[in-house]
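# A structural walkthrough
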Amino acid sequence: MSQQQPRRPQGNEQQQEPVKYGDVFPVSGELAPKPIAPQDAAMIQSAESLILGQTQKGGPASVMQSAATLNERVGVAGHTQVTGAAADQGVTVSETDLPGGRVVSEAIGGQVVGSFVQPGSAQGTTRKVSYGDDGAAGNDIDIDIGGGGKITIGEALEATALTAGDKPVDQSDAAAIQAAEVRATGRNVITPGGVAAAAQAAATHNARVLRDEDKTRLGDILTDAALKLPADKEATPKDAEGVVGAEMRNNPNLVTHPGGVAASVVAAARLNQNND
């Protein structure tokens with residue numbers, strides 16, 4: 001049962017004031033008067049999904065997404081904006097197994113914005129996903145899970161749909177997704193009609209259109225990616241190396257996108273290696 005229930009912001013097309021953290025969460029200090037930013041919501045939504053398997057209805061991520069959408073709609077927050085506290089001190093979702101259930105806690109900038117208990121057996125494990133600042137809008141991922149629970153390549157791709165879902169698909173994304181699919185399936189060719197094929201078609205389409213709003217996004221391709229793959233496997237450092245190389249080779253600046261395909265697979269591989 002929920003121990004702390006965030007207050008869902010009320011939609012109002014005439015609203016000009018931003019929805020601030022203090023309006024919906026029991027926070028204080030510098031965080032309270034800050035508008036809830038779209039990238040804050042994206043990070044905690046991704047962390048919730050990795051820990052709990054999905055975004056919780058009425059939970060902090062859901063509330064933040066509603067607030068961020070309102071703030072963006074009225075022009076008080078840009079789509080790529082991240083709050084200073086979230087970037088500097090991180091966004092964290094943790095789960096701890098205790099007698100009688102699992103305690104889930106969610107925090108922004110070190111302040112708890114939600115906690116609740118879910119029924120479950122006590123296994124004495126702790127699972128945590130944190131997003132912190134690496135100089136790229138807070139999309140450096142640190143995952144620490146004890147006592148089992150490895151992340152697959154497909155699940156890492158699904159996480160990308162949350163952290164970079166609004167990014168138009170380009171050739172570097174398509175190459176990284178193809179490398180990820182090949183490693184997940186163990187086949188040297190991409191699956192017709194699969195995730196990699198859709199990504200390549202999207203990259204080709206996007207290169208031919210001028211208006212940004214007409215372009216296909218990573219979220220369009222990678223949502224439910226694990227279900228779309230004909231086979232899947234746990235992400236390894238070797239998998240991550242291959243995906244990073246593919247993304248960098250096809251980027252004009254020879255870099256990977258913060259929170260993108262390569263970053264998510266690297267995070268998953270790091271988690272799995274730490275959990276061996």
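Computed from a predicted model, the values in this text were never measured in an experiment. (Residues numbered from 1 in each chain as written. Predicted model: local features only at pLDDT ≥ 70, side-chain atom pairs only at ≥ 80, totals over all residues. Heavy atoms only, no water.)

## A short note on the nonpolar core
Ranked by size, the top nonpolar core spans 65 residues in total, and within it Phe 25, Ile 108 and Leu 222 carry the most contacts. Ignoring any residue separated from it by four or fewer positions in sequence, one finds Leu 222 in contact with Leu 157, Glu 158, Thr 160, Ala 161, Ile 177, Val 195 and Val 261. (Core = buried A, V, L, I, M, F, W, Y, C linked by side-chain atoms within 4.5 Å. Buried < 20%, exposed > 50% of the residue type's maximum accessible area, 1.4 Å probe, protein only. Contact = heavy atoms within 4.5 Å.)

## Brief notes about unusual backbone geometry
With a phi close to 60°, Asp 224 is a non-glycine residue in the positive phi region. For Asp 224, a relative accessible area of 43% puts it in the partly exposed group. Phi is positive for Leu 254, close to 55°, though the residue is something other than glycine. Positionally, Leu 254 belongs in the loop between helix H10 (237-249) and helix H11 (261-274). (Helix = DSSP H or I, 4+ residues; strand = E, 2+ residues; numbered from the N terminus.)

## Brief notes about H10
The terminal C-alpha atoms of H10 lie 18 Å apart, and with 13 residues this matches the ideal 18 Å at 1.5 Å per residue to within 8%. If you check which residues of H10 are buried, you get Asp 239, Ala 240, Gly 242, Val 243, Gly 245, Ala 246 and Glu 247. (Expected span 1.5 Å × (residues − 1).)

## Thoughts on the packing of helix H2 (residues 38-52) against helix H3 (residues 60-73)
The axes of two packed helices give the description: the angle between them and the distance between them. The contact between H2 and H3 brings their axes to 8 Å, and the two run at 160°. With respect to H3, the element H2 is oriented roughly antiparallel. Regarding H2 and H3, the two cross each other, and that crossing is left-handed. Within the contact between the two elements, H2 uses Pro 38, Asp 40, Ala 41, Ile 44, Gln 45 and Glu 48 and H3 uses Pro 60, Ala 61, Met 64, Gln 65, Ala 68 and Glu 72. A breakdown of the residues in the contact of H2 with H3 according to their chemical character gives 7 nonpolar, 2 polar and 3 charged. (Axes fitted to C-alpha atoms, helices over the stretch in contact; angles between N-to-C directions. Parallel < 35°, antiparallel > 145°, perpendicular 65-115°, else oblique. Left-handed = near helix turned anticlockwise from the far one by under 90°. Nonpolar A, V, L, I, M, F, W, Y, C, P; charged D, E, K, R; others polar.)

## Concerning the environment of Ala 42
Position of Ala 42 relative to the elements: it lies in helix H2. Among the residues examined, Ala 42 registers a relative accessible area of 9% and is labelled buried. Considered as a pair, Ala 42 and Ala 61 are 19 residues apart in the sequence and their alpha carbons are 7.9 Å apart.

## Structural notes on the pattern of salt bridges
Enumeration according to the criterion identifies 6 salt bridges in this entry. Across the pair Arg 211 and Glu 213 runs a salt bridge whose closest N-O atoms are separated by 3.5 Å. Overall, the relative accessible area of 53% leaves Glu 213 in the exposed class. As a salt-bridge pair, Asp 214 and Arg 211 come within 2.9 Å of each other at their nearest N and O atoms. Assessed through its relative accessible area of 48%, Arg 211 is described here as partly exposed. Overlapping salt bridges, with partners in common, bring together Lys 167, Asp 170 and Asp 173 in one network. (Salt bridge = Lys/Arg side-chain N within 4 Å of Asp/Glu carboxyl O.)

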